[in-house]
Amino acid sequence: MITALETWTENALCRNVADGNIFFDKYETDVIIAKEVDEFCMQCPVFKQCHTIGREKKQHGVWGAVYWNGKGGPSKKYNIHKTQEIWDKIDELANKHSS
């Protein structure tokens, strides 16, 4: 049986990323990688689903261009590089209505 989670992840741009550590350790330690990951995520066709799962399931690491703290909120420490413009774009994408 295929779950909704499995269905949307098949369309995720990160599905075939060879080094999953860019969403965890490397994101935490390299601001250039963090900014590139943010941009990459914001181009993903399933951004909204990913962002929602990260928030609602209290994930840890990058989900929908936000580094989540594992408690349902964004990590202040690992999202410090984001400008207000990036946060606005994330909010816009996360709240975008499906067509």
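Quantities reported herein were computed from a predicted structural model and do not represent experimental measurements. (Residues numbered from 1 in each chain as written. Predicted model: local features only at pLDDT ≥ 70, side-chain atom pairs only at ≥ 80, totals over all residues. Heavy atoms only, no water.)

(A) Summary view of the overall build of the chain. The helix and strand tally for the chain stands at 5 helices and 2 strands. Ordering the α and β elements of the chain from the N terminus gives α-α-α-α-β-β-α. For the chain, whose C-alpha radius of gyration is 13 Å, the value lies close to the compact-globule estimate of 13 Å for 99 residues. Taken along its principal axes, the extent of the C-alpha atoms in the chain is 40 × 30 × 25 Å. In the chain, buried positions account for 34% of the 99 residues. For the chain, the computed accessible surface area is about 6,600 Å², with 53% contributed by carbon and sulfur atoms. (Helix = DSSP H or I, 4+ residues; strand = E, 2+ residues; numbered from the N terminus. Rg over C-alpha atoms; globule rule 2.2 N^0.38 Å. Buried < 20%, exposed > 50% of the residue type's maximum accessible area, 1.4 Å probe, protein only. Areas by Shrake-Rupley, 256 points an atom, 1.4 Å probe, with all protein chains shown as cover.)

(B) Expanded view of a negative patch on the surface. A cluster of acidic residues, E39, E85, D88, D91 and E92, forms a negative patch on the protein surface. The greatest single-element share of the negative patch, amounting to 4 residues, is contributed by helix α5 (residues 84-94). Topologically, E39 is positioned in helix α3 (residues 31-42). Overall, the relative accessible area of 40% leaves E39 in the partly exposed class. (Patch = residues over 30% accessible without salt bridge, like charges linked within 9 Å, V, L, I, M, F, W, Y side chains within 5 Å. Salt bridge = Lys/Arg side-chain N within 4 Å of Asp/Glu carboxyl O. Lys, Arg positive; Asp, Glu negative; His and termini not counted. Charge placed at Lys NZ, Arg CZ, Asp CG, Glu CD.)

(C) Structural context of the layout of surface pockets. Reported here for the largest pocket is a volume of approximately 280 Å³. Lining of the largest pocket is provided by 17 residues; of these, W8, C14, C50, V62 and W63 occupy positions nearest its centre. When residues of the lining of the largest pocket are traced back to their parent elements, those giving at least two are α1 (4-9), α3, α4 (47-56) and β1 (60-63). For the lining of the largest pocket, the per-class residue count stands at 14 nonpolar, 2 polar and 1 charged. (1 Å grid on protein atoms, 1.4 Å probe; cavity = no way out; pocket = protein on both sides within 12 Å on 5 of 7 lines; lining within 4 Å. Points joined across faces, edges and corners; volume = space filled by probe spheres on them. Nonpolar A, V, L, I, M, F, W, Y, C, P; charged D, E, K, R; others polar.)

(D) Main features of the nonpolar core. Among the nonpolar cores identified, the biggest contains 24 residues, and V37, M42, F47, V62 and I90 are the most heavily contacted of them. At the level of elements, α3, α4, β1, β2 (66-69) and α5 are the ones that each hand at least two residues to this core. Dropping the residues within four chain positions of it, V37 is found in contact with I22, F23, Y27 and V62. (Core = buried A, V, L, I, M, F, W, Y, C linked by side-chain atoms within 4.5 Å. Contact = heavy atoms within 4.5 Å.)

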